[in-house]
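# Remarks on the overall topology
What follows is the residue order along each chain.
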Amino acid sequence: MVKRGMELNDIDLHASLKKYFGFSQFKGLQEDVIKNIVQGKNTFVIMPTGGGKSLCYQLPALMQEGTAIIVSPLIALMKNQVDAIRGISSEHGIAHVLNSSLNKTEVKQVKEDITNGITKLLYVAPESLTKEEYIEFLKSAGVSFVAVDEAHCISEWGHDFRPEYRNLRTIVSRLGENIPIIGLTATATPKVQEDIIKNLGINDAKVFKASFNRPNLFYEVRIKTANVDSDIIRFVKQNSGKSGIIYCLSRKRVEELAHVLQVNGVSAVPYHAGFDAKTRSKYQDMFLMEDVDVVVATIAFGMGIDKPDVRFVIHHDIPKSIESYYQETGRAGRDGGEGHCLAFYSYKDIEKLEKFMQGKPVAEQEIGNALLQEVVAYAETSMSRRKFMLHYFGEEFDEVNGDGADMDDNARNPKEKQEAKDDVLKLLRTVKETNEKFKSKEIVKTITGQINALVSSHKANEKSVFGIGSDQTENHWMALIRQVLVAGLLKKEIELYGILQVTKKGNEFLEKPTSFMMTKDHEYNKERDEAIVSASKGGVSDEKLLKILKSLRKSQADKLGVPPFVVFQDPSLDDMALKYPISMEEMLNIYGVGEGKAKKFGKPFVDVISDYVEENDILRPDDLVVKSTGANSGLKLYIIQNVDRKLSIEDIASAKGLEIPELIKEMEQIVYSGTKLNIGYYIDEVLDEDQQEEMHDYFLEADTDDLEEAMEEFDGEYEEEDLRLYRLKFISEVAN
């Protein structure tokens, strides 16, 4: 029988800390938490990532009789922790994992080590604990305590609900009488905390809650445009040599972005759950060992990654909840040094996430949407982002003197404030008069006098408050609701999926109104997204330079006895007149210019542009120079290799799931950027010698490679496809 709980005076916590972990000092609440656990009491720990949460159960486990069971949802996380514990002990069996990844021999070894009293920490997945044989075995083995890590998985109100966590209480009671339970989580709203305590049946637990504030992190939100890749590259290059994580929603985007970064000289690797375990751990190690600076990942990455010096975390896509955002940004600056958290936001992304939820059960959709609306509020708010986030976790923050108060974009560039006392009164009255039955969206509809199904079913359109705020926009009222919530005059009833209710403080305000200063939210709407995107895309070429380049192209073409389009096509010249490339390297960033083309024709163009830039004092938009990956460079390579092997065009197309016209388009891109494709073998099969000669003479004499003109010239003699293919052969042989 294991003796649980120890007298505090029997032990010296500091000596044990030094002995096992080599530290002489505890961090934050660790010491108090450990004292409580060592005395055999139920304990609930809420401690943000990087606060030293795992030491809270590791040290007591090492000090006490018996084996501590640590429940954890992620295999990668367990493995990391087991390796870390084995690193501080001469006994390999001091810590073990028990999950589906073990074979029979390994399971036998684990059981032996536990029986012999060697194993102090046993990491299990919740589903392993449902196996009858494991329960019977652990009953007899003697459990010192059960620690439930990532305890927020118990709550369906959290961002990572796992139903198998729900049965833990029943399982623990089967393992033995009075086993102390420790719940630990790094993210929990007040509602989730309540849920955890109720579910684990630890109402008597002492609660230890560390502050969620990470004062060294800088929070910033930027508009996401079509040029988000360029924005990210620029940011990463400004922080070159620093470690960073970039999160994307989809695996496909992860691979594309990693590729774009690599092409632009950033050392980056992709990471997602679609790679096999070997590749994943290779990339993870490269990041930990600093062989690469940046990892582009889905949220599968970072669970249990203890790299203290991640200097930036970028969200290419906005996450599904504030909890996820907090956890993912929390991987930056764990050593207390710099940590820049940058999120790109566009309302389109939110709509995409809403779509994802449509197939789920209604309750789950409601919760998902409530969490998502908080993210929208965070991105669009113009108040202190830190204050907003801490309020979400049920913590007060002083945005003037608090630790890290000036560490976000809103605090550094404050928006003007305006008096909103009267509007707050209208808002609180509307919430009350509609009987506290509405979420933000319907409150805003009622105030601005708009009807939807919900508004009319509650007859809110017949109330006196209907339309009392129609002089202001919906955005104004949304912004005010968010600020009034943080000020504590309203609260959201989470169990009713975010219905607004007036608080005691709100009622006092109604009786004795005082000044209320509000700031306007940032407005991110589709029109604005589109406007920014088109402005940044459709940069206008320098007409004067374009004329010079066209005449240079003509003279170069005449020298070589080829048509001008063989030298460079029009879109390439347009791009040169926009980006002003003044070196051969920059020339490669021009649309439709590959290495072959740059080598063959680039030099005179670069020289002319350099002189032009100097004479006219041109400020070059060096920002524009972001190389594209040829995101389909794999496809291009496949085409080049198989044309070399003289595979038929039809076979190449069907192998890659392309229609013939699509394949020809890809081939045109290859040839026009200066790479040779010897498709003579295929042309010989479809066109005889005379036909080929006729086309050759036409293209040699023509002023343009325009197909419509060629079709007219031959007056329907040839199919468009034949002409396109022959044009490929012509450019390949004459130009490349």
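Data block above holds the structure.
The text that follows walks through the structure, step by step, so that each part is easy to find. The residue numbers shown here count from 1 along each chain, following its written sequence. Given that the model is predicted, a residue must reach a pLDDT of at least 70 before its local features are reported, and side-chain atom pairs must reach 80 or more before they are shown or counted; all residues, however, enter totals for whole chains, interfaces and linings. For side-chain calculations, the full set of non-hydrogen atoms in the structure is used, while hydrogens and water are omitted.

## Examining the sheet that holds strand S5 (residues 143-148)
Here, a strand pair is defined by DSSP locating no fewer than two bridges between the strands. Comment: elements are numbered from the N terminus, with helices defined as DSSP H or I runs of at least four residues and strands as E runs of at least two. Spatially, S3-S4-S2-S5-S6-S1-S7 is the arrangement adopted by the seven strands of the open sheet, whose pairing is parallel. Edge positions in the open sheet fall to strand S3 (95-98) and strand S7 (206-209), since each of these has one partner strand only. When the angles between neighbouring strand axes are averaged without regard to direction, this sheet yields 20 degrees. Two strands pair when backbone bridges link them, and S3 and strand S4 (residues 121-124) are joined in this way by four bridges, in the parallel orientation. What sits directly across from His96, in S4, is Leu122. Note on definitions: a residue-residue contact is assigned when non-hydrogen atoms from the two residues lie within 4.5 Å. Axis definition: a line fitted to C-alpha atoms, limited for helices to the stretch in contact. Angles are taken between N-to-C directions and run from 0 to 180 degrees. In the packing of helix H4 (residues 75-86) onto the sheet, contacts are made with S3 and S4, and the angle to S3 comes to roughly 160 degrees.

## Re helix H17 (residues 421-433)
In a helix, the anticipated span is given by 1.5 Å times the number of residues less one. The terminal C-alpha atoms of H17 lie 18 Å apart, and with 13 residues this matches the ideal 18 Å at 1.5 Å per residue to within 8%. Relative accessible area decides the class of each residue, using a 1.4 Å probe on protein chains only: under 20% of the type maximum gives buried, over 50% gives exposed, and in between gives partly exposed. Regarding H17, the residues found buried are Asp423, Val424, Leu427, Leu428, Thr430 and Val431. Down the axis of H17, the buried set is contained in an arc of 160 degrees. They therefore lie on one face. At the C-terminal side of H17, Asn435 shows a positive phi close to 60 degrees. Directions from the helix axis toward the C-beta atoms define the arc.

## Re the pairing of strand S1 (residues 43-46)
Both faces of S1 are covered, namely the face carrying Thr43 and Val45 and the face carrying Phe44 and Ile46. Here S1 runs beside S7; their pairing, made up of four bridges, is parallel. By the bridge assignment, Val45 is partnered in S7 with Phe208. Examined bridge by bridge, S1 and strand S6 (residues 181-185) share four bridges and lie parallel to one another. What sits directly across from Thr43, in S6, is Ile182.

## A closer look at the environment of Val310
Checked against the element boundaries, Val310 lands in strand S12 (residues 310-315). A relative accessible area of 1% means that Val310 is categorised as buried. Along the backbone, Val310 and Arg331 are 21 residues apart, and their C-alpha atoms lie at a distance of 6.7 Å. When sequence neighbours within four positions are dropped, the list of residues in contact with Val310 reads Ser243, Gly244, Ile245, Phe287, Arg331, Ala332, Gly333 and Glu338.

## Re the sheet that holds strand S13 (residues 339-345)
Strand order in the open sheet formed by six strands is S8-S13-S12-S9-S11-S10, with parallel pairing between adjacent strands. Each having just a single partner strand, strand S8 (217-223) and strand S10 (268-271) make up the two edges of the open sheet. Each strand axis lies, on average, 15 degrees off the axis of its neighbour in the sheet, ignoring direction. The sheet contact formed by strand S9 (residues 243-247) and S12 spans five bridges and is parallel. By the bridge assignment for S12, Ile246 is matched with Ile314.

## Side note on the packing of aromatic side chains
Stacked, tilted and edge-to-face are the three classes applied to pairs of Phe, Tyr and Trp rings, where Trp contributes its six-membered ring and a pair requires centres within 6.5 Å; stacked means planes under 30 degrees apart, edge-to-face means over 60, and tilted covers the rest. Applying the stated criterion across every chain, the model contains 16 aromatic pairs. Seen in terms of ring centroids, Phe212 and Phe393 are 4.6 Å apart; in terms of plane orientation they differ by 15 degrees. Their pairing is stacked. Taken together, the residues span a long stretch of sequence, with Phe212 in the loop between S7 and S8 and Phe393 in the loop between helix H15 (385-392) and helix H16 (409-412) at a distance of 181 residues. For Phe393, a relative accessible area of 0% corresponds to the buried category. Ring centres of Phe275 and Tyr283 lie 5.8 Å apart, and the angle between their planes is 80 degrees; this geometry places the pair in the edge-to-face category. There is no split in this pair, since Phe275 and Tyr283 are both buried.

## Digging into the packing of helix H32 (residues 689-701) against helix H33 (residues 707-714)
Their axes nearest at 12 Å, the elements H32 and H33 cross at an angle of 125 degrees. The orientation of H32 relative to H33 falls into the category oblique. In this structure, H32 crosses over H33, and the sense of that crossing is right-handed. Contact residues: H32 offers Glu694, Met695 and Tyr698, while H33 offers Glu709, Ala710, Glu713 and Phe714. Per-class residue counts for the contact of H32 with H33 are four nonpolar, no polar and three charged. Throughout, the term roughly parallel applies to angles under 35 degrees, roughly antiparallel to angles over 145, roughly perpendicular to angles from 65 to 115, and oblique to all others. A crossing counts as left-handed when the near helix is turned anticlockwise from the far one by less than a right angle, and as right-handed when that turn is clockwise. Polar here means any residue other than Ala, Val, Leu, Ile, Met, Phe, Trp, Tyr, Cys and Pro, which are nonpolar, and Asp, Glu, Lys and Arg, which are charged; Gly is therefore polar.

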